[in-house]
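Commentary on secondary and tertiary structure
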Amino acid sequence: MSQINRIDGGLIDQTKSVSFTFNGQILRGYEGDTLASALLANNKHLVGRSFKYHRPRGIVTAGSEEPNAIMEIGHGAYKEPNTRATITQLYNGLEANSQNHRGPLGFDFMAITDFFSPFLSAGFYYKTFMWPKAFWEKFYEPAIRHSAGLGKLSMLEDPDTYDKGFRYCDILIIGAGASGLSAALTAAESGARVILADEDFIMGGRLNSETNEINGMSGSEWAKQAVAKLSAMDNVTLMADTTIFGAYDHGIYGAIENRADEARADSNKPRQVNWRIYTKRTILCAGATERAIAFGNNDRPGIMMASAVRTYLNRFAVATGQSVSVYTNNDDGWQTAKDLTDKGVKVVAVIDSRSIDPVMAIEGAEIFMGTDVTDTKGRRAIKSITLSNGKTINTDTLAVSGGWNPNLHLTCHHRGIPKWNEELATFLPDSSVPVGMSVAGRAKGTMVLADAIVEGHNEGSSVAADLGFKTGDSKPATTASVAYNVSAKWGVPSGKNRAWVDYQNDVTAKDIKLANQEGFKSVEHVKRYTTLGMATDQGKTANVLAIGIMADNMDKSIEDTGTTIFRPPYNPVAMGAFAGRRRGMEFYPTRYTPSHKWSAEQNAIFVEVGMWYRSQWFPQPGETFWRDSVDREVRQTRESVGICDVTTLGKIDIKGADVSEFLNRLYVNAFAKVPVGKTRYGLMLREDGIAMDDGTTARLGENHFVMTTTTANAVSVYRHMQFCHQCLWPDLDVHMISVTEQYAQYAVAGPNSRKLLQKIVDAEHDISNEAFPYMGAGEISICGGIPARLFRISFSGELAYEIAVPTRYGDSLIRVLMEAGEEFNAIPYGTEALGAMRIEKGHAAGPELNGQTSAYDLGMGGMVSGKKDFIGYTLGLREGMQRDDRMQMVGFKPVNKGALLDAGHSMAGAHLVNLRDKPDTFTDQGWISSSIYSPIFGHYIGLGYIKGGHSRKGETVRAVDLVRGQDIEVEICSPHFYDPEGECLRV
Amino acid sequence: MIINHPLLGPRDSEEFVYLGSADLINRPTNWESEEAAEDFYQYLYIRENIAGDNRELWYHEQGDQSWLVVTRCTLTHEIKSVELAQDVSRAQGRSK
Amino acid sequence: MSKTKYSAFKVLKEALTGHKGWEPAWRDAEPKADGYDVIIVGGGGHGLATAYYLAKNHGITNIAVLEKGWIGGGNVGRNTTIIRSNYLLPGNEPFYEMSMQLWENLEQDLNYNAMVSQRGIMNLIHSDAQRDAFMRRGNAMLFADAGCEYLNKKEVKERYPFLDMDNARFPIQGALAQPRGGTVRHDAVAWGYARGASDLGVDIIQNCEVTGFNIENGKCLGVQTTKGDIKAGRVGVCVAGSSSRVMAKAGINLPIESHVLQAFVTEGLKPVMDNVITFGAGHFYCSQSDKGGLVFGGDIDAYNTYAQRGNLPVVEDVCSGGMAIMPMVGRVRLLRMWGGIMDMSMDGSPFIDKTDVQELFFNGGWCYGGFKATPASGYCYAHLLATDEPHEVATAFRLDRFRRGEMIDEKGVGAQPNLH
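Residues numbered from 1 in each chain as written. Chains lettered and ligands numbered in written order. Predicted model: local features only at pLDDT ≥ 70, side-chain atom pairs only at ≥ 80, totals over all residues.

Regarding the nonpolar core
The biggest cluster of nonpolar side chains holds 460 residues, and the ones touching the most others in it are Ala294(A) and Val748(A). Filtering out sequence-adjacent residues up to four positions away, Ala294(A) remains in contact with Trp490(A), Gly491(A), Val492(A), Ala499(A), Trp500(A), Val501(A), Ala509(A), Leu545(A) and Ile549(A). (Core = buried A, V, L, I, M, F, W, Y, C linked by C-beta atoms within 7 Å. Buried ≥ 20, exposed ≤ 12 C-beta atoms within 10 Å, placed from the backbone. Contact = placed C-beta atoms within 7 Å.)

Quick word on the domain arrangement of chain C
Where interface size is given, it is often the accessible area lost as the parts come together that is meant. All names here are of chain C. Examined at the domain level, chain C breaks down into domain 1 (8–82 + 186–254 + 347–419) and domain 2 (115–184 + 257–345). Centre-to-centre, using C-alpha coordinates, domain 1 lies 28 Å away from domain 2. With 26 residues of domain 1 in contact, the opposing surface of domain 2 contributes 24 residues. Going through the elements one at a time, helix H7 (186–199) and helix H8 (243–248) are the ones with two or more residues in the side of domain 1 that touches domain 2. The biggest single contributor to the side of domain 1 that touches domain 2 is H7, with three residues. In terms of residue class, the side of domain 1 that touches domain 2 is built from ten nonpolar, 14 polar and two charged. (Domains from an automatic or database assignment. Helix = DSSP H or I, 4+ residues; strand = E, 2+ residues; numbered from the N terminus. Nonpolar A, V, L, I, M, F, W, Y, C, P; charged D, E, K, R; others polar.)

Quick notes on the packing of helix H2 (residues 45–58) of chain C against H7(C)
All names here are of chain C. Closest axis-to-axis distance for the H2/H7 pair is 8 Å, and the angle between their directions is 30 degrees. As judged from the angle between their axes, H2 and H7 are roughly parallel. Viewed along their axes, H2 and H7 form a crossing whose handedness is left-handed. Across the interface between the two elements, Gly45, Leu48, Ala49, Ala51, Tyr52 and Ala55 from H2 touch Val189, Ala190, Tyr193, Ala194, Gly196 and Ala197 from H7. Taken together, the residues that form the contact of H2 with H7 break down as ten nonpolar, two polar and no charged. (Axes fitted to C-alpha atoms, helices over the stretch in contact; angles between N-to-C directions. Parallel < 35°, antiparallel > 145°, perpendicular 65-115°, else oblique. Left-handed = near helix turned anticlockwise from the far one by under 90°.)

Details of the sheet that holds strand S22 (residues 384–387) of chain A
Strand pairing in a sheet relies on backbone hydrogen bonds, with the paired strands running either antiparallel or parallel. Residues and elements named next belong to chain A. Pairing is antiparallel in the open sheet, where three strands are placed in the order S21-S22-S23. What marks the edges here is a single partner per strand, and that holds for strand S21 (373–377) and strand S23 (392–394). Adjacent strand axes in the sheet meet at a mean angle of 25 degrees, parallel and antiparallel pairs treated alike. Sheet topology note: the S21/S22 ladder contains four bridges and is antiparallel. Across the sheet, Lys377 pairs through a bridge with Ser384, a residue of S22. (Pairing = 2+ DSSP bridges.)

Remarks on the pairing of strand S46 (residues 887–894) of chain A
Residues and elements named next belong to chain A. Buried residues dominate S46, accounting for seven of its eight residues. Note: S46 against strand S49 (residues 939–947), six bridges, orientation antiparallel. Bridged to Val890 within S49 is Gly944. Across four bridges, the pairing between S46 and strand S51 (residues 966–973) is antiparallel. Each residue of the ladder has a partner; that of Phe892, found in S51, is Ile972.

Structure below.
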């Protein structure tokens, strides 16, 4: 049984056979086929099961609106669920499997649900499954979830790649059918940059499916020649197999180009490209989609859209049956009967719901005017239809046309609302289209081909003229004018039989009626209550039909019933395409510090800090546990000298006559009188009085400062400073630039840090304690003339420096420092030791500067100047910001020094309660923000916040960690555990 | 969205960081007066949040670090004008 | 007034008799000439819940809910359906925990199956600092009896083998889970409350837009609407993203900006994941609906807007977040995306309060967290409207808190609404 439905001709290459499988059966089609056309050629009508009732379903359409023929394509990690067979280009080795059935497709076990359908009416689940209460999660929901859903995901990482691209044009034309091609020809002729995109893999739109003659040749041949002409023009970009999925602001369109062919041949090539198209104007020529009519049992395999029957016949050379009938409410349906008989396919009947004269003679067919189809028979394929006159007709394909709906989806993407047109019995785009968009052809409701061509032609030239291009004088193509008359037909009274409106989600005319009866009267309510239009076809064939049925139910006009609008995407888009290359390690950019290479050589453990990778610790041979390394790094730094890459701290170079005044307004403390050659610690608030960032700022010259920020806030502080300058005080003489990347910076900390540095600092720079005291700063040179900046500042609490060199010397500097430090047993230390030492010293960092704390809370109230205006001053004075019982930062140490030593975690995250209180939200006194085991003190210490903490030092409270089951007594103490007087700093 | 930068021409809004109302330029200067608390409260927290043409601050972080005042309709996203914030600030009488 | 009770038996009976006995879920009312004791402006989840609890808890039944369009057409029908009570600060956590408890009994209370599904929510942890912060949060939750569970890396991998644990830019180190968190069928919440309120006598008036307030001598006497003036003893505004527009009609500017939050759903799939998974570092959260679609979201679009639609940068950012932790979703197709207008407040926390206009009350500032708050918001707003006193779990939600310096800033990002 090989392609028994195949006839001669079509736009496929019948000399090139293509082999594929469907549910394991090997089948053949031809190059140029879609999966759907090849299945139909092989007489495979039954291709899937519906969502809810598991009804047997067949191919209904020949386009992206397909509700039924959705399948799993490929296998393993390449398996793609829910793929529409109607737009899947056939290729050798394609594997297709039907989905959503248990057991073979022909004998789906789940089809038993259809028997229970009276109980499963719209919204039935809102009314039951409530008892007993616990059964929802345990029983009902798992059962529903198991039977719901469509295709199966492979659960394996997507092996394909996706790219992003950007394109720019003057005029974007969406749809390469008759009107789109006509528009492209005149637009391109003007010299405008034109992009013409079409979702189909061959351009031409319906011309490829029809038998119309244009300019004396077949429509498809005319389209081919037009495409050839356009492709030869430098100012035209043709994008076939590309779906414009969304219209965004200011002429930005999202497009997905399918390149599956290339990706199959070469796995390095992207499967799809996500294009962002920037255009000045857009002409939407997206054509129209045929809609169904809701009559009894209208969902059997073999019941198809009349236009799809034509597409399979004319483009794919497939006769979908041997005795076809046609049911229509418009003239266009008759064309299907004509094309079939012209190609020798038997048409048994044409049924037209309108009481008019037959539109044309159809040889050998019975004609029924003013008649409807009320029922059909045939379990896995249609066998017969019953008419409203009681007559039964045997047929193997029923071609249905309920009229055409313009594809106006993109006109709604800016929430434009379409308008009802009674004559065409459909919605048309109105003036609420996105700015810059115009519509031509059948998308605009111009249903007559001859007129659509002229409209496209004129629109292309008038849009080009609007943009200032000189348009040519070419004439539109000509074709015979064929009338399109339609008379609305929504639901057919079908007695007890169900009439489907949304095939995939199994929504019937009765469901809509029930929803209306229960008070769900707006289109949105009906959609949500019945799930109509929510399936993978997004209601392309169902929505307008449903509104018609609602209007009939409620005896209202369609205008009064409502309308439907569409949101992106026009067709579903793979998540991988939106992500593009941003996945795995490329999810975020990676920033390496200047010592990264050297640190990797030392087998450092790295940690993500925002986009940076920093060394967390440097394990030595024999160290098996992270604490072994960190404790050693702390001890050795405090005993001798340690070196840490602190390049990630933000660095901002600031120059100008007013810099000191500017800093005065940014920081809570005074900066006007910082002498040249000195550094000062500064605390910066947000305007709401909450601490924003802290750091040191050095005065390198009268009008030259360099500021450091925390790593986390490097970008936002700079942005804030630019705001303050440009928006608040534009005339201050201040110029600044971020130099975070321009300087490599190392902390050299410990009692031997000066001795180490003296070995590399050039002799002319005296860095003795006298010449370069604590908080000194200066521009120096090292290693014989390498420019450097030296700051005598300390985060560790030891005698310490930070030394900065141009980044290109950063790798050398760490090597030079380590070599020079060898005699002192200098060690590198990572962020863990850095953190441990700052907690020992009581410096607030990220966990303390958490955006909820004021200068007072931090214990820095004394620094706050009352003599100047600065950002955050006024709002920092609010009563709530000054309350004595605010959460204030203090230190904590366990009463039992052995506490948590075996717990494997610190106190961080524990909440604090008074000794006798039961822990709850109302007894909660605060929390521990940072905590480490201190190798210097030999027990855990912590920083944290507790109500009124500054005046509670010495008090004992409990640190309760219910998450990890700990409850220990801790003493509130000063946060400055290590060298509280700061003597080490000044030696 | 596309923001027509007064110095650099049309740029994708992805290059920018949004802050909020351009009223944030009008930081009160009366920090020593009795009304300061109320004025700063109104300045920082209270928004017209207009459904219509909104004057708002965008920062060209992936570009020239200009702060811009963009007049943009919050119903349609149409951009009516784009100005350098420092020009706006000066025009509103701000200086040092 | 009593209506049909929903039950399996009733469904069975109707199935056998052609479903002729189903009545409208709620009465479609027109405004009463002599007005109402209380008018609720806004027929979303919060407004309908407020009316329901006013009637049920406080016996006030002469109530109208005025809705500009169709009930439930705003954020209650546009969110990602997640419920949780995993808040950090004492001003918030008891409130959200009360909401969770109301969710747990909602269906039996309303006799409406809103499919409250406590399938659990899991927040991924990627660093030591984040673990410390989550421990603080976890303890706040346990202090409030909200329940929570810490999962280490191994446990996360066992439960969710599809997560990219090691090849990821931000490797997963663990997770903080709230087993009681989950999802609810969002539309059904609005319909269930509407049905419950309507049964208790509340008038639900659709397609009735409030165009102004009748205020005399600083006292609100009623509202002007597209269906004429309606008198009211008390007016409670509850309009989420439209808060500033509506309150401006009473001359009140708010500490609120409107922003769009986009939400996304994919094509239906057979079961992939039970839980809600939140990937904070990558701006992505995801669950799977009962119909099989992956429902997910991320950050808000940064700019002020009243247009219920977003732009591509956020779409791409959110999908990248999904691919980063669940790289098997590459071939899953995004089916629909939509936007809801969020009433983003200056500290990320809401308001349930009186205003400077007598008898005019305000409920808003829910940011992107309004859905999970629906029952407690209605409960507490009803309490305030009925008793003049804030409910004990909602005492912090005052409009004047910024004037006083009493912010409830969970994220600590300050007075910039789009960062909350």
